[in-house]
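Coordinates in review
Each chain, written out:
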Amino acid sequence: MRREPFFAGPGLDRADPVRAQPERIAEYARSSFALELVWQNGLPAVGPDGSLQWRQVADPAFFLGLKDNIPCFCGCQQEVGAGPATFGMLANLSAADAPLFAAALSLARWHSRHRFCATCGSESEVIRGGWSRKCPACSAEHYPRVDPVVIMLAEHDGRLLLGRQYHYPPNHYSALAGFVEVGETVEDAVARELKEEAGIDVADVSYVASQPWPFPSSLMLGCTSRALNDALTIDFAELEDARWFTRDDVAAAIEGREDAPFLPPPPHAIARTLLERWLAA
Ligand SMILES: [Zn+2]
């Protein structure tokens, strides 16, 4: 079975036509069956069974959408962010609720950090159920930001290039990654990042899969590429190490074998999905 990236999937009916109808949203919010997301320590609360936690609506600041035809709301959050417990909590979050977790977290965080108009500085107003903000002074409309990030494998002669950043736990290696810059294609960004961080030239960049990464609002664009040379020039400002690993090395890491030469990215990272699909191909 082909594993989808964690956080992938529709998660809920975003009910776009409803967003333009404030009366309908208000009616939903007053209904006895509507639900509001519970928050804990700056994150959507996850119960012992891995599901998101809900309560009766008290603060219908943002209309998330419809989940099994039930209107779902999110209250205005002052403190939104990833605490030290985030990654332990992610291991518990159910894959079915992960897309909604990602949408609510990124949306609430965006509102908490973007109250003022970027054009004129006036305080902007929430419109479209929370899926945009409009400035009453200059009429500029602002949308929740999405930051595209390329994350990619480079293959040379059957081996994969993986690297580790300084903050990774010991012996963990993962796919190299970097933000897409303005004026760049995904292919350009993949080639530039691999050149900057590892000194290699690549061709045949292919898109594999994407993943919303809500810390705070990235869109991970998973790619593969073919390296034209294998001599590495590592940018030690970005990476602690980068190496080529054989197919057997990668298989050992994914299978969790004791002789594995490195530890793989965790299951909720799209880098893990890229490695698993590369092995299966
Ligand atoms: Zn303005």
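It should be noted that the structure appears before, not after, this text.
The structure reproduced in this document is the subject of the present report. Along each chain, numbering runs from 1 in the same order as the chain's sequence is written. Whole-chain, interface and lining totals are the exception, using all residues; otherwise, since this is a predicted model, local features are given only for residues with pLDDT of at least 70 and side-chain atom pairs are given and counted only at 80 or more. For the side-chain quantities, the full set of heavy atoms in the structure was used; hydrogens and water were omitted.

1. Side note on the coordination of the zinc ion
Note the following rule: Atoms are scored as donors when they are N, O or S and lie within 2.8 Å of the metal, with 3.2 Å used for Na, K and Ca; no water is included, so coordination may look incomplete. Geometry is assigned from donor-metal-donor angles: four donors are tetrahedral when every angle falls between 85 and 135 degrees, four are square planar and six octahedral when opposite donors sit over 155 degrees apart with all other angles between 65 and 115, and any other arrangement is irregular. Every helix listed is a DSSP run of H or I at least four residues long, and every strand listed is a run of E at least two residues long, numbered separately from the N terminus. For each residue, the accessible area found with a 1.4 Å probe, counting protein chains only, is set against the maximum for its type, and the residue is called buried under 20%, exposed over 50%, and partly exposed in between.
With distances of 2.3 to 2.4 Å, the protein atoms coordinating the zinc ion are C117 (SG), C120 (SG), C135 (SG) and C138 (SG). Classification of the site at the zinc ion rests on its 4 donor atoms, whose angles at the metal span 100 to 117°, yielding the label tetrahedral. Motif for the zinc ion, donor spacing along one chain: C-x2-C-x14-C-x2-C. Residue C120 is found in the loop between α4 (98-113) and β7 (125-127), and its partner C138 is found in the loop between β8 (132-134) and β9 (141-142); the two are separated by 18 residues along the sequence. A relative accessible area of 32% places C138 in the partly exposed class.

2. Topic: the state of the cysteines
What counts is decided by this rule: Disulfides are defined as pairs of cysteine sulfur atoms found within 2.5 Å of each other.
Applying the stated rule across the entire model yields 0 disulfides. Here C76 stays unpaired: no disulfide links it, and the sulfur of C74, its closest cysteine neighbor, is 8.4 Å away.

3. Looking at the pattern of salt bridges
Note the cut-off: Each reported salt bridge corresponds to a side-chain nitrogen of Lys or Arg within 4 Å of a carboxyl oxygen of Asp or Glu.
Inspection of the entire model under this criterion finds 20 salt bridges. For R55, the salt bridge goes to E36, with nearest N and O atoms at 3.0 Å. Here E36 lies in strand β1 (residues 35-37) and R55 lies in strand β4 (residues 54-56), a separation of 19 residues in the sequence. On the accessibility criterion, R55 (43% relative accessible area) is partly exposed. A salt bridge links R243 to D241, with the nearest nitrogen and oxygen atoms 2.8 Å apart. For R243, a relative accessible area of 38% translates into the label partly exposed. Exposure remark for D241: the relative accessible area of 17% places this residue in the buried category. Linked by salt bridges that have partners in common, E181, E184, R192, E193 and E196 make up one network.

4. So, the side chain of R164
Stated precisely, the cut-off is as follows: Pairs of N or O atoms within 3.5 Å make up the polar contacts considered here, provided that, within protein, one atom can donate a hydrogen while the other can accept it, and that residues adjacent in sequence are counted only when both atoms are side-chain atoms. Here, two residues are considered to be in contact whenever any of their heavy atoms come within 4.5 Å of each other.
When you line up the elements, R164 lands in strand β11 (residues 159-164). Take R164: its relative accessible area is 5%, and that puts it in the buried class. Reaching out from R164, the side chain makes a polar contact with the backbone oxygen of P169 at a distance of 2.9 Å. Look past the residues within four positions of R164 in its chain and what remains in contact with it is P169, P170, N171, H172, Y173, L239, E240 and D241.

Function cannot be inferred from these measures alone, as they are strictly geometric.
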